[in-house]
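Okay, here's what each chain looks like letter by letter:
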Amino acid sequence: MSQPIFFQLFYDNDLPARLLELTGWEQGALSVHAFPDGESLIRVDTPVSGRPVIILANLQGPDGKYLQLAMLCDYLRQQGASGIHLLSPYLPYMRQDKAFNPGEAVSAQLFARRLGTVVDDLTTIDPHLHRIHDLSEVYRIPATTLHADPLIAQWIRNNLEKPLIIGPDSESRQWAQAVAEQVGCDHLVLEKIRHGDNDVEVSAPDAHRFTDHTPVMVDDIISTGHTMIETAQHLERLKLKAPVCIGVHGLFSGDAWRAMQNSYIADIVTCDTIPHPTNRISVAQLLADNSR
Ligand code: R5P
């Protein structure tokens, strides 16, 4: 295929530049003018006729972004682009994967249907697969899932002394073990015993062996930060050190970042899938290796 033309939407971190450096794709000239009435005008100054196009888009908070992406894609098609390939490192709406109450739309399905009408295929990283086990269950276009855990394991190996991977509950035993194996370190799984709605006892009989270790919590998404903050509180009760929290996708809804900084957490690290000051692990190589 001829050399793709690369466009990016909604990234103000280093990810687009890193990706361009690694791939040698031609950077397309795209500008978006915002009118005072809240509408926007897309302008593309690179001829795309007969050429494949790759769009890297940060779709966190998709409601305000989807229309721009859709208009860009439609315009590129009008201009003769031979294919439109979306890199959406964070894939939104995947947590709304069932009707939790009667009358509720299953947004994961509806968003997938929408997106499938504007791009030809999609590549993403660690989408939230819970009740949906594979993207093909909701996406009709080819959808590729990449995984950031090797990058996270490498970051832990390079940056932390005596890491201890924490599984926040017994359901997380398998992944905690898998991450620990990649890092080459120990892991500890907390066992939760619920006595009542607000009365949860947490035990980890082995915890005393790890008081000189650096606990590391890894999750796909940091949204409100509650999951990390609560697990960190349990670690404090178990007299372990304050943990390092690693999220693949740092959404940091509301004041989540400040709340985490004010809790028993030593450091917060995210991948650069969503621009944020905590970005310290780049997914550029992962995307480059899988987008040729
Ligand atoms: C849950 O299923 C996810 O894996 C994350 O644990 C969750 O989305 C984190 O959300 P929050 O930061 O709001 O606790």
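For the structure itself, consult the block above.
The following refers to the structure shown. All residue numbers refer to positions counted from 1 along the written sequence of the respective chain. With pLDDT at 70 or above as the cut-off, local features in this predicted model cover only qualifying residues; side-chain atom pairs require 80 or more to be listed or tallied, and sums for whole chains, interfaces and linings still use all residues. Water and hydrogen atoms play no part in the side-chain values, which are based on all heavy atoms of the structure.

Structural notes on the overall build of the protein
Stage number 1. The secondary structure content of the protein amounts to 8 helices and 16 strands.
Stage number 2. Using C-alpha atoms as the atom set, the radius of gyration is obtained and then compared with a globule rule of 2.2 Å times the number of residues to the power 0.38. The C-alpha radius of gyration of the protein comes to 21 Å, within 12% of the 19 Å expected for a compact globule of 292 residues.
Stage number 3. Across its three principal directions, the C-alpha atoms of the protein cover 65 × 45 × 35 Å.
Stage number 4. Relative accessibility thresholds used throughout: buried, under 20% of the residue-type maximum; exposed, over 50%; partly exposed, between the two (1.4 Å probe, protein chains only). Counting the 292 residues in the protein, one finds 49% classified as buried.
Stage number 5. A contact between two residues is defined here by any heavy atoms of the two lying within 4.5 Å. Excluding contacts between residues fewer than 6 apart, the proportion of contacts in the protein whose partners are at least 24 apart in sequence is 62%.
Stage number 6. Distance from the positive charge centre (23 side chains) to the negative charge centre (36 side chains) of the protein: 0 Å. Helix and strand definitions here come from DSSP, where helices need a minimum of 4 consecutive H or I residues and strands a minimum of 2 consecutive E residues; each element is numbered from the N-terminal end. The charge count treats Lys and Arg as positive and Asp and Glu as negative. His and the chain ends do not count. Charge placement uses NZ in Lys and CZ in Arg. For Asp and Glu, CG and CD serve respectively.

Considering the packing of aromatic side chains
Stage number 1. Stacked, edge-to-face and tilted labels apply to pairs of Phe, Tyr and Trp rings (six-membered ring for Trp) whose centres lie within 6.5 Å, assigned for plane angles under 30 degrees, over 60, and everything in between, in that order. Under the defined criterion, the tally for this structure stands at 3 aromatic pairs.
Stage number 2. Aromatic side chains Y66 and F111 sit 6.1 Å apart centroid to centroid with 65° between the ring planes, which places their arrangement in the edge-to-face category. Placement of the pair is Y66 in helix α2 (residues 66-78) and F111 in helix α3 (residues 107-116), with a sequence separation of 45 residues.
Stage number 3. Residue F111 is classed as buried on the basis of its relative accessible area, which comes to 7%.
Stage number 4. Relative to F111, the ring of Y93 lies with its centre 5.4 Å away and its plane at 45°, an arrangement referred to as tilted.

Looking at helix α5 (residues 173-183)
Stage number 1. Taken residue by residue, α5 has A176, V179, A180 and V183 as its buried positions. All buried residues of α5 fall inside an arc of 100° around its axis, so they share one side. Of the residues in α5, the exposed ones pointing more than 90 degrees away from the buried face are Q174 and E181.
Stage number 2. Contacts from the buried residues of α5 go to α4 (149-159), β9 (163-167) and β10 (186-189).
Stage number 3. Trailing α5 by a residue or two, G184 shows a phi angle of about 85°, which is positive. The arc in question is the one spanned by the directions pointing from the helix axis to the C-beta atoms.

Let's talk about the site of the ligand
Stage number 1. The full set of residues close to the ligand is R95, H128, D219, D220, I221, I222, S223, T224, G225, H226 and T227.
Stage number 2. In protein, a polar contact requires one atom able to donate a hydrogen and another able to accept it; more generally it is a pair of N or O atoms within 3.5 Å, and residues adjacent in sequence count only if both atoms are side-chain atoms. The side chain of R95 places a nitrogen or oxygen atom 3.0 Å from an oxygen atom of the ligand.
Stage number 3. In the environment of the ligand, an oxygen atom lies 2.4 Å from a nitrogen or oxygen atom belonging to the side chain of T227.
Stage number 4. Throughout, the Shrake-Rupley method with a 1.4 Å probe supplies accessible areas, and for residues the shown protein chains are the sole cover considered. Burial of the ligand by the surrounding chains reaches 75%, relative to a free accessible area of 380 Å². Only a single heavy atom is needed: when it lies within 4 Å of a molecule or strand, its residue is near that molecule or strand.

Observations regarding the side chain of H234
Stage number 1. Along the chain, H234 falls in helix α6 (residues 226-237).
Stage number 2. The class for H234 is buried, based on a relative accessible area of 10%.
Stage number 3. Discounting chain neighbours no more than four positions away, the residues touching H234 are L190, K192 and V202.

Points about the sheet that holds strand β8 (residues 143-146)
Stage number 1. DSSP-based pairing: two strands are paired if at least 2 bridges between them are found. Spatial ordering of the open sheet is given by β2-β1-β5-β6-β7-β8, a layout of 6 strands whose pairing is parallel. On the outer flanks of this sheet lie β2 (26-27) and β8, each paired with one strand and no other.
Stage number 2. Lines are fitted to the C-alpha atoms to define the axes, a helix being fitted only along its stretch in contact, and any angle between axes, read from their N-to-C directions, falls within 0 to 180 degrees. Contacting β1 (5-9), β2, β5 (52-57) and β6 (83-87), helix α1 (residues 15-23) crosses the sheet at an angle of about 165° to β1.

Examining the sheet that holds strand β13 (residues 214-222)
Stage number 1. On the basis of which strands lie adjacent, the open sheet formed by 6 strands has the order β10-β9-β13-β14-β15-β16 and parallel pairing. Lying at the two open borders of the sheet, with one neighbouring strand each, are β10 and β16 (279-281). Taking each pair of neighbouring strands and ignoring which way they run, the sheet shows an average axis angle of 40°.
Stage number 2. The sheet contacts of α5 involve β9, β10 and β13, and relative to β9 the element is tilted by about 165°.

Things to note about the environment of V119
Stage number 1. Tracing the chain through its elements places V119 in the loop between α3 and β7 (121-125).
Stage number 2. As a C-alpha pair, V119 and F210 span 91 residues in sequence and 49 Å in three-dimensional space.
Stage number 3. The contacts of V119, once residues within four sequence positions are left out, are C73, R77, I84, L86 and I141.

Re unusual backbone geometry
Stage number 1. Within the chain, F10 stands out as a residue other than glycine whose phi angle is a positive 70°.
Stage number 2. You can see F10 is positioned in the loop between β1 and α1.
Stage number 3. Look at F10 and you get partly exposed, because its relative accessible area is 25%.
Stage number 4. You will see that Y93, though not glycine, has its phi angle at about 70°, which is positive.
Stage number 5. Here Y93 shows up in the loop between β6 and α3.

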